[in-house]
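# Structural description and commentary
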Amino acid sequence: MQSDPKDVEIVRRLLARRGEVVSGEEIAIPLGISRVALWKRIRTLKKSGINIKVVPRRGYMLDNIEHDALLPPLVLSELKTSEFGRNYHYFDVIDSTNDYALKLLGEKALHGTVVVADHQTKGRGRLSRVWYSPPGKNLYLSVIVRPFVPVSLAFRVTMFSSCAVCELLRELGMNALIKWPNDVYVSGKKISGILTEASVEASGNVKFYVVGIGINVNMAYSDFPIDIRDFATSVMIEKGEPVPRRKLFLRLMELLEKWYNICLINVEEAWMYWRRYNYTLGKRVVVDEKVTGEAIGVTPMGYLLVRLDDGKVERVVAGDLQVVD
Ligand code: BTN
């Protein structure tokens, strides 16, 4: 579901005077539409789930806004970015936002296009894992990013995204840390995962990247499947109260745009942030139950450097990493 700019403007005007009755004329005239056309649009907006009250002979009012709703007019009327999220595709339910972005939007999509779902039936994680994606609780989104680095440096795409998620959670007062290669952790548990995928031409050039981000927002301990319950956390668990999903999403768009631009202009600044809030470096780690040692660094290509117990340094390209102390 996408949104017509006039619908976005209607919602923006009602939101600006939230709780007040706004007459049909006050909205219809500046939009250059008739009052009947306005009424039709309001009826469609109401059907899509936006709770606009119709006050007979006086006008329209928006008061009780669903803070968790990610419907396009609500998001777009409050979005402050210049590119990220401006092209917004929303689904109540989808198999995977990454699949949609890769296969169906593809090259046609503008840089910063975002695919969002309330529920994913086949949410995917790294290493062919499942990303648990129940409805009404979390954020599941995929951002299409214009290639700014070759596929060999795709790690930078993951890096700018994990810096953005980390800063988002830190702004909420959490001690969020980035775990190599693409997870964000709070209180030693996973709160967010990022899956970066590239669409590559036969020549090897990247056509575009898709950055898939899942953030556990309003999950209670018992909402997680039993096997991950003790290793996962959510914003609500950490804050002790539910958090409005839309506000979180809107801020995430701003931070993704900010960190994308930082990566373009001065990648060293992003590296500094990534290293500063790192959960892996300096720790004893085990990768794929094979490589054990101290994580001592990350190469520009994103490989993890592990100093083994015999002093040799091993370069780990990918894998399942556990921090053991
Ligand atoms: C991981 O930690 O393994 C990465 C998880 C990425 C999950 C997100 S949710 C939105 C997007 N769509 C998907 O199918 N996966 C990513």
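Anyway, here's the lowdown on the structure attached to this text. (Residues numbered from 1 in each chain as written. Predicted model: local features only at pLDDT ≥ 70, side-chain atom pairs only at ≥ 80, totals over all residues. Heavy atoms only, no water.)

## A few points about the nonpolar core
The test is simple: Take the buried residues of types Ala, Val, Leu, Ile, Met, Phe, Trp, Tyr and Cys, join any two whose side-chain atoms come within 4.5 Å, and each joined set is a nonpolar core. Buried, partly exposed and exposed residues are distinguished by accessible area as a fraction of the type maximum, computed with a 1.4 Å probe on protein chains only: under 20%, between the cut-offs, and over 50%, respectively. To qualify as a helix, a DSSP run of H or I must reach at least 4 residues; to qualify as a strand, a run of E must reach at least 2; elements of each kind are numbered from the N terminus.
Of all hydrophobic cores here, the largest spans 93 residues; its most connected members are Leu141 and Phe249. The element contributing the most residues to this core is helix H8 (residues 245-265), with eleven residues.

## Focus on the sheet that holds strand E7 (residues 183-186)
To keep it simple, the criterion reads: A strand pair is defined by DSSP finding two or more bridges across the two strands. Here the axes come from fitting lines to C-alpha atoms, over the contacting stretch only for helices, and the angles between their N-to-C directions go from 0 to 180 degrees. The contact rule is simple, with two residues in contact once any of their heavy atoms fall within 4.5 Å.
One open sheet holds the seven strands; their spatial order is E3-E4-E5-E9-E8-E7-E6, and the pairing between them is mixed. Looking at which strands have only one partner, the edges of the open sheet turn out to be strand E3 (88-94) and strand E6 (177-179). For this sheet the average axis-to-axis angle between neighbouring strands, irrespective of direction, equals 20°. Each of strand E5 (139-145), E6, E7, strand E8 (189-200) and strand E9 (206-215) touches helix H6 (residues 155-171); the most contacted strand, E8, lies at about 150° to it.

## Focus on the packing of aromatic side chains
Formally: Aromatic pairs are defined between Phe, Tyr and Trp rings, using the six-membered ring for Trp, whenever the two ring centres lie within 6.5 Å; interplanar angles under 30 degrees are classed as stacked, those over 60 as edge-to-face, and all others as tilted.
For the structure shown, the criterion picks out eleven aromatic pairs. A ring pair is formed by Phe84 and Tyr260, whose centres lie 5.7 Å apart and whose planes are at 55°; its orientation type is tilted. One end of the pair, Phe84, is in the loop between helix H4 (72-76) and E3; the other, Tyr260, is in helix H8, and 176 residues separate them in sequence. Assigned by exposure class, Phe84 and Tyr260 land together as buried. Taking 4.8 Å as the distance between ring centres and 65° as the angle between the ring planes, the aromatic pair formed by Tyr273 and Tyr277 counts as edge-to-face. Considered together, Tyr273 and Tyr277 belong to a single accessibility category, that of buried residues.

## Points about unusual backbone geometry
Cis peptide bonds are those with omega within 30 degrees of zero, and the linkage from Trp180 to Pro181 qualifies with 0°. Topologically, Pro181 is positioned in the loop between E6 and E7. Phi at Leu127 takes a positive value of approximately 55°, unusual for a residue other than glycine. Relative to the assigned elements, Leu127 resides in the loop between strand E4 (114-120) and E5. Assessed through its relative accessible area of 43%, Leu127 is described here as partly exposed. Positive phi outside glycine occurs at Asp288, with the angle close to 50°. Summarising the element assignment, Asp288 is placed in the loop between strand E10 (284-287) and strand E11 (291-298).

## Some thoughts on the packing of helix H1 (residues 5-16) against helix H3 (residues 35-47)
To characterise two packed helices, one gives the angle between the axes of the helices and the distance between these axes. We apply this condition: Any angle that falls under 35 degrees is termed roughly parallel, while one over 145 is termed roughly antiparallel, one within 65 to 115 roughly perpendicular, and all others oblique. The classification used treats Ala, Val, Leu, Ile, Met, Phe, Trp, Tyr, Cys and Pro as nonpolar, Asp, Glu, Lys and Arg as charged, and all other residues, Gly among them, as polar.
Where H1 contacts H3, the axes come no closer than 11 Å and their chain directions differ by 85°. Relative to H3, H1 is oriented roughly perpendicular. Every residue of H3 that contacts H1 at Lys6, Asp7, Ile10, Val11 and Leu14 is listed here: Leu38, Arg41, Ile42 and Leu45. For the contact of H1 with H3, the residue count by class is six nonpolar, no polar and three charged.

These figures come from the coordinates and say nothing about function on their own.
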